[in-house]
Amino acid sequence: MKQIMSNSKPDLSNLSPETRLITAGRGYTEHGFVNPAVYRGSTILLPDVETLHNQPHAYGRRGTPTSRALDSAIAALEGGHDACVTPSGLSAISTTLLSYLNAGDHLLVTDAVYYPARHLCDTVLKRLGIETTYFDPLADGMLAEMIRPNTKLIYCETPGSQTMEVQDIPAIAEVAVRHGCKLLVDNSWSGGHYFKALQQGADISLQSASKYIGGHSDLLMGTISSTAESWRQLSENYGTLGMCAGPEDISLAIRGLRTLDVRLARHMSNAIALAEWLRGRPEVEKVMHPALASSDGHAIWKRDFTGSSGLFSIELKPCSSAAVAAMIDGLQLFGIGFGWGGFESLCIPFRVKRTASVWKPAGPCLRFHIGLENPDDLIADLGDGFARLRAAT
Ligand SMILES: Cc1ncc(COP(=O)(O)O)c(C=O)c1O
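Bear in mind the structure is a predicted one, so any value in this text is a computation, not a measurement. (Residues numbered from 1 in each chain as written. Predicted model: local features only at pLDDT ≥ 70, side-chain atom pairs only at ≥ 80, totals over all residues. Heavy atoms only, no water.)

1. Some words on the domain arrangement of the chain
The criterion, for reference: For each domain, the first and last residues come from an automatic or database assignment. What makes two residues a contact is simply this: any of their non-hydrogen atoms within 4.5 Å. Buried area, as used here, totals the accessible surface that two parts lose on assembly, with accessibility defined by a 1.4 Å probe and the loss added over both. Should a side-chain nitrogen of Lys or Arg be within 4 Å of a carboxyl oxygen of Asp or Glu, the pair is scored as a salt bridge. In the analysis that follows, any N or O atom pair within 3.5 Å is treated as a polar contact, provided that within protein one partner can donate a hydrogen and the other can accept it, and provided that, for residues neighboring in sequence, both atoms belong to side chains. Helix and strand assignments come from DSSP, with helices taken as H or I runs of at least 4 residues and strands as E runs of at least 2, each series counted from the N terminus. Ten residue types, Ala, Val, Leu, Ile, Met, Phe, Trp, Tyr, Cys and Pro, are classed as nonpolar, four, Asp, Glu, Lys and Arg, as charged, and the remainder, Gly among them, as polar.
The domain boundaries assigned to the chain delineate domain 1 (17–258) and domain 2 (261–392). Computed over C-alpha atoms only, the centres of domain 1 and domain 2 are separated by 27 Å. Of the residues lining the interface, 38 residues belong to domain 1; the matching set on domain 2 comes to 41 residues. With both sides pooled, the region where domain 1 packs onto domain 2 buries about 3400 Å², and carbon together with sulfur makes up 57% of that total. Contact with domain 2 buries surface across domain 1, with W189, Y194 and Y212 losing the most and accounting together for 26% of the total. Seen at the junction of domain 1 and domain 2, the total is two salt bridges. Between D168 and R303 there is a salt bridge whose closest N-O contact spans 2.7 Å. Our count for the contact surface shared by domain 1 and domain 2 stands at 25 residue pairs in polar contact (both at pLDDT 80 or more). The set of elements that each furnish at least two residues to the side of domain 1 that touches domain 2 consists of α2 (17–23), α5 (115–127) and β3 (131–135). Each residue belonging to the side of domain 1 that touches domain 2 can be placed in one class, and the counts come to 16 nonpolar, 15 polar and seven charged.

2. Describing the layout of surface pockets
Operational definition: Here a cavity is any set of points on a 1 Å grid over the protein atoms alone where a 1.4 Å probe fits but cannot get out, and a pocket is any open set with protein on both sides within 12 Å along at least 5 of 7 lines; a residue lines the site when it has an atom within 4 Å of a point. Grid points are joined across faces, edges and corners, and a volume is the space filled by probe spheres set on the points.
Estimated volume of the largest pocket: approximately 760 Å³. The set of elements that each furnish at least two residues to the lining of the largest pocket consists of α4 (89–100), α5 and β10 (346–350). It is β10 that contributes the most residues to the lining of the largest pocket, four residues altogether. Residues that form the lining of the largest pocket fall into these classes: 18 nonpolar, 13 polar and ten charged.

3. As for helix α7 (residues 169–178)
This is how it is decided: Burial classes: relative accessible area under 20% of the type maximum marks a residue as buried, over 50% as exposed, and values in between as partly exposed (1.4 Å probe, protein chains only). Each direction from the helix axis to a C-beta atom contributes to the arc, which is the arc of those directions.
Those residues of α7 that fall on the buried side of the exposure criterion are I169, I172, A173, V175 and A176. With its buried residues spanning 160° around the axis, α7 presents them on a single face. In α7, those exposed residues whose orientation departs by more than 90 degrees from the buried face are E174, V177 and R178. A positive backbone phi angle near 65° is found at G180, which sits one or two residues after α7.

4. What about a nonpolar patch on the surface?
Inclusion rule: Residues forming no salt bridge and having over 30% relative accessible area are the ones grouped into patches, like charges within 9 Å of each other and nonpolar side chains (Val, Leu, Ile, Met, Phe, Trp, Tyr) within 5 Å. Methods summary: accessible areas were calculated by the Shrake-Rupley approach with a probe of 1.4 Å, and residue burial reflects only the protein chains presented.
A cluster of nonpolar side chains, namely L98, L128 and L241, defines an oily patch on the protein surface of about 220 Å² accessible area. One can find L98 in helix α4.

5. Quick notes on the sheet that holds strand β7 (residues 222–226)
Under the convention used in this document: Note on pairing: two strands pair once DSSP finds at least 2 bridges between them. Axis lines are fitted through C-alpha atoms, for helices just across the contact stretch, and the angle between N-to-C directions can take any value from 0 to 180 degrees.
Read across the sheet, seven strands follow the order β1-β7-β6-β5-β4-β2-β3 without closing on themselves; strand pairing throughout is mixed. Edge positions in the sheet fall to β1 (82–86) and β3, since each of these pairs with one other strand and no more. Adjacent strand axes in the sheet meet at a mean angle of 20° when their direction is disregarded. In this sheet, β3 lies alongside strand β2 (residues 106–110) in parallel orientation, the contact comprising five bridges. Considered in β3, the bridge of L107 is made with T132. Strands β1, β6 (204–208) and β7 of the sheet are contacted by helix α3 (residues 65–78), whose axis makes an angle of about 120° with β1.

6. Let's talk about the side chain of R20
Filter applied, for reference: Under the counting rule used here, the positive set is Lys and Arg, the negative set is Asp and Glu, and His together with the chain ends is not counted.
With respect to the helices and strands, R20 occurs in helix α2. Of the side chains with opposite charge, E18 lies nearest to the buried R20, which makes no salt bridge, at 7.7 Å. Not counting residues up to four positions away in its chain, the partners in contact with R20 are L12, S13, L15 and A76.

7. So, the sheet that holds β10
Strand order in the open sheet made by the four strands is β8-β9-β11-β10, with antiparallel pairing throughout. The two strands at the open ends of the sheet, each matched to only one other strand, are β8 (284–288) and β10. Adjacent strand axes in the sheet meet at a mean angle of 25° when their direction is disregarded. Inspection of the sheet shows β10 paired to strand β11 (residues 365–369) by five bridges, in the antiparallel sense. Bridge assignment links P349 to a residue of β11, and that residue is L366. Each of β9 (311–316), β10 and β11 touches helix α12 (residues 321–329); the most contacted strand, β10, lies at about 170° to it.

This is the structure in structure tokens:
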């Protein structure tokens, strides 16, 4: 326990991932409190002029005991050298891209990337003279040919958060190393708990902590963690861009982290139960869930991940959008909303934008986030939904 209470980077590497989640970042508390104080503050008073530029906490934006507790817990979760947090997952993406890319650079991005990240690449980065090429998430063998002398970063999202293709990160990492590029992985789907992107060869792993780390749909936050070699460039730019997150939100993220393992285990078993039930439904053409053998990249998921989370998608057999609306609008236990990772189940229809690969579903597509409810209740609700869909077709 003494080791845990010290903030001098205790060695947690011999602990199992569940235990690490409970013990990481615990050295920033005072007076015996289990959790760190929520330090709200801009100015931090210093004892004298000499310490002005020589103490651990100089100004609220540059870190507080509250934020350092979360940074070090995230670094332990991701297996990174260190970590930092941003006000949203999308700002974690923009901070990372702006940290490593300059005018004239080229960026390779998975075609399955979260749409607002694609928009960022196609607008702000383009305006700054950074060119993006998208690649088929399942054709990593083609990646080496797409590298140019000015390619600086490869950006993956695994699995793709709508279409669920699992990417071969170790193979992509080899290409990145061979060509002197950095590899960035959006690791939000696994919560950083079931996939260790940095150990698998990524240089930077980021997450929308609004998802599983927060876990209760009451938090917006992003996290970025990197290897030692990539850390300096990230942390300097993070500070220069003025990034930080609010202390109340940080406190929520720390709380969420402590229960990540038990929540994810339930998301996993519920989602697999639902996915298997959906696979047997006559209205469903295809289930896209990395833990199912029919899903793209399933063998890679089995090799590289230690579990699956609550987010997956299905392709319906051809039917009208009115029938889909009749199904979804009447669901009692599934909310209709963007985002995912909370305790509650969600269902939304989605369309895909692709520019480097063909993705032509047979019928409408739905994305589910399976929460912590009893799966039998969710199945009964969806069964009623399919009855409405059939009646409206
Ligand atoms: C895969 C993925 N990455 C990043 C984000 C952005 O996160 P945030 O909503 O916290 O900005 C999202 C949001 O849905 C996401 O699905």
